[in-house]
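Here's the letter readout for the chains.
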Amino acid sequence: MASFQSSCTLLGTTAPKPRIPPSSAKPSHHLLPNARRSSRFHVSCSGGPAEEGKVDRRNMLLGLGGMYGAANLVSDTKLARADPLLPPEFTSCGISYVGDDPLDVNCCPPISDVIKDYKLPPVRQLRVRRAAHRLNRVNVAKYKRAVKMMRDLDVSDPTDPRGFSQQANIHCAYCNGAHDQVGHEGLDIQVHFSWIFFPFHRWYLYFYERIMADLLKDPTFALPYWNWDHPKGMQLPGIFDEEDSSLYDTNRNQDRRPPVVLNLALNSTVTDPAQIISNNLSLMYNEMIGTPASATDFMGKAYRDGDAPPTFPDGGTSEKGSHSAIHAWFGDPRNEYNEDIGNFYSAGRDPAFYSHHANVDRMWTIWNDIPADYPKAITDPDYLNASFLFYDEKKQLVRVKAADCFNHKKMGYDYENVDIPWLRSKPPKKAAAANIQDLSKGVKTAEKLFPLKLKKTTRVLVPKPTVGKADEVLVLENIVTDNRKLIKFDVFVNDEDDKPEEVDRAEYAGGFTQLPHRVKAKNSKSDLRLNLKQLYENINIADDDSVVVTIVPLINGEVVTIGGIKIVEAPSA
């Protein structure tokens, strides 16, 4: 998914982010289907009393203990600079504008004078998160009651941080430019498309789940997960499709209500359920096993204090793949920006979002247990020390860090043990290599095609640094996209069969998915990098010095321009 990176400053000015007094804050509201929409986004975010004054970032790190302790401030220059991403200052939440007319949404959290460092409580009994489609009636009723209690808080006290709207606003504020990085005014915090994606969302769900358990007075309550990686879970779970339920959201794609099969490839030309499921399982295998060649391939690239907000291609394979596909598939096309789940700022308004992300979190636990020929632990202190702010179930504002969420069982929960069919869904290896001489007839080189406006399927002959099988990366450079549009295109290598609707084949290299989102500028520019080592094995590549790359636009390709394409040697570990 592409990032909503608007910094809370007035478009076209360099003025500081405006503050709004708490009394003027309004709770965010649901969009109505077919409502008249404006062309300008306005995220209004409340400010308030300071959190006991601003804290010097070095003193703050020294005072946090654990990974923040003075023992870590050694002679290493990176440590001495104290580069991990810091939690935002809630008092600095402000307004962002894009376009001409405002959409009045309050994303910002209530202000607290006290911030405590969070310590995981002792685990007396693991909460077991179960697949949503397997829940019994008792657990379904309990889940509905918990969400209703959170919705009731929206009415009785709209500023209660445990309320449903306030919880939804967490995602909006952290993802849509409402928070600046501490000490970097105008530079947004973005919790997608980097190595903090999984830790942030794990903590987010952790407190969301504990709030529901506390409201229910049931410490065993666990958030169900949407088992979309299994054929039996590849549709919207029925518990979210009951119109009189607290779990229902009107702002979903009405053409994709159950029993319509989820299409992770987002290819509307595929209608055969068996092919869709085969595609889904193969995509899951690729993003979890076949494509990643390093921990950051799966987790996302490094993101440190002072870095520009990351963009879609910087994310890990799971985030860019199944995670983004769910958001795109169920977003409501009747709304201009595919609200609710189809846009970061509104995704948390759909109860299904939390079960979706529970399965995303489950993917992290599964990936950690899958053997690989690369180390999976990221030991960079800037990753370990990245920190965030959340309200806990007692309405206390707490500071948490990434390093404390790596062991989900120490956080008090686990996932039920179910079959994982995509572990057995590796694309079949081709018996013979493609004949590059025949395949490349009439195919132009990059110099003659790029920059490319992606209006139609395009084939291009791309030279390789090394003949035959090698550890290489395909790079699509300077991809310019319209941020307001849902975008999807796929990439194949040496595809003789020319069947873009089948991504369960060896020739499929990967894809690009962007959700419509809100940033300062109309367009974004990024690079897409696709690992080729495993693909070369799968297609049984011959001793060729070039390949034919096929780029297939699926959604809004006409608003995409690709500046260039090349194959480079993979970076050394």
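Residues numbered from 1 in each chain as written. Predicted model: local features only at pLDDT ≥ 70, side-chain atom pairs only at ≥ 80, totals over all residues. Heavy atoms only, no water.

**A few points about the overall build of the protein chain**
- A count of helices and strands for the protein chain gives 14 helices and 19 strands.
- A total of 573 residues make up the protein chain; the buried ones form 60% of that total.
- Considering only contacts in the protein chain between residues 6 or more positions apart, those separated by 24 or more positions represent 81%.
- Roughly 22300 Å² of accessible area belongs to the protein chain as shown, and the carbon and sulfur atoms make up 51% of that amount. (Helix = DSSP H or I, 4+ residues; strand = E, 2+ residues; numbered from the N terminus. Buried < 20%, exposed > 50% of the residue type's maximum accessible area, 1.4 Å probe, protein only. Contact = heavy atoms within 4.5 Å. Areas by Shrake-Rupley, 256 points an atom, 1.4 Å probe, with all protein chains shown as cover.)

**Points about the UniProt feature "domain: Tyrosinase copper-binding" (unreviewed entry) in the protein chain**
- Mapped onto the present numbering, the UniProt feature "domain: Tyrosinase copper-binding" (unreviewed entry) falls on residues 192-209 and 350-361.
- Taken end to end, residues 350-361 is 83% helix and 0% strand, and its first and last C-alpha atoms sit 18 Å apart. (UniProt positions renumbered as here; feature names shortened; annotations may be inferred.)

**So, the layout of surface pockets**
- Reported here for the second largest pocket is a volume of approximately 490 Å³.
- Contributing to the lining of the second largest pocket are 26 residues, with Trp 364, Thr 365, Ile 366, Asn 368 and Asp 369 lying nearest its centre.
- Here the lining of the second largest pocket takes seven residues from helix 10 (residues 352-369), the largest share from any one element.
- Of the residues belonging to the lining of the second largest pocket, the class tally is 14 nonpolar, five polar and seven charged. (1 Å grid on protein atoms, 1.4 Å probe; cavity = no way out; pocket = protein on both sides within 12 Å on 5 of 7 lines; lining within 4 Å. Points joined across faces, edges and corners; volume = space filled by probe spheres on them. Nonpolar A, V, L, I, M, F, W, Y, C, P; charged D, E, K, R; others polar.)

**A few points about unusual backbone geometry**
- Residues Pro 258 and Pro 259 are joined by a peptide bond in cis, for which omega reads 15°.
- As for its position among the elements, Pro 259 is in the loop between helix 5 (197-216) and helix 6 (273-290).
- The omega torsion across Glu 339 and Asp 340 is 5°, close enough to zero to call that bond cis.
- The phi dihedral of Lys 395 falls on the positive side, at around 65°, and the residue is not glycine.
- Mapped onto the secondary structure, Lys 395 falls in the loop between strand 8 (387-391) and strand 9 (397-401).
- One non-glycine residue, Asn 556, lies in the positive phi region at around 55°.
- Take Asn 556: it is sitting in the loop between strand 18 (546-555) and strand 19 (560-569).

**Considering the sheet that holds strand 11 (residues 444-445)**
- Strand order in the open sheet made by the five strands is 11-13-18-15-16, with mixed pairing throughout. Two strands bound the open sheet, and with one partner strand each, they are strand 11 and strand 16 (508-514).
- Alignment of strand 13 (residues 458-463) against strand 18, held across six bridges, turns out to be antiparallel. Within strand 18, the position partnered with Val 462 by the bridge is Val 547. (Pairing = 2+ DSSP bridges.)

**Considering a positive patch on the surface**
- Taken together, the side chains of Lys 453, Lys 455, Lys 485 and Lys 522 define a basic patch exposed on the protein surface.
- Positionally, Lys 455 belongs in the loop between strand 12 (452-453) and strand 13. (Patch = residues over 30% accessible without salt bridge, like charges linked within 9 Å, V, L, I, M, F, W, Y side chains within 5 Å. Salt bridge = Lys/Arg side-chain N within 4 Å of Asp/Glu carboxyl O. Lys, Arg positive; Asp, Glu negative; His and termini not counted. Charge placed at Lys NZ, Arg CZ, Asp CG, Glu CD.)

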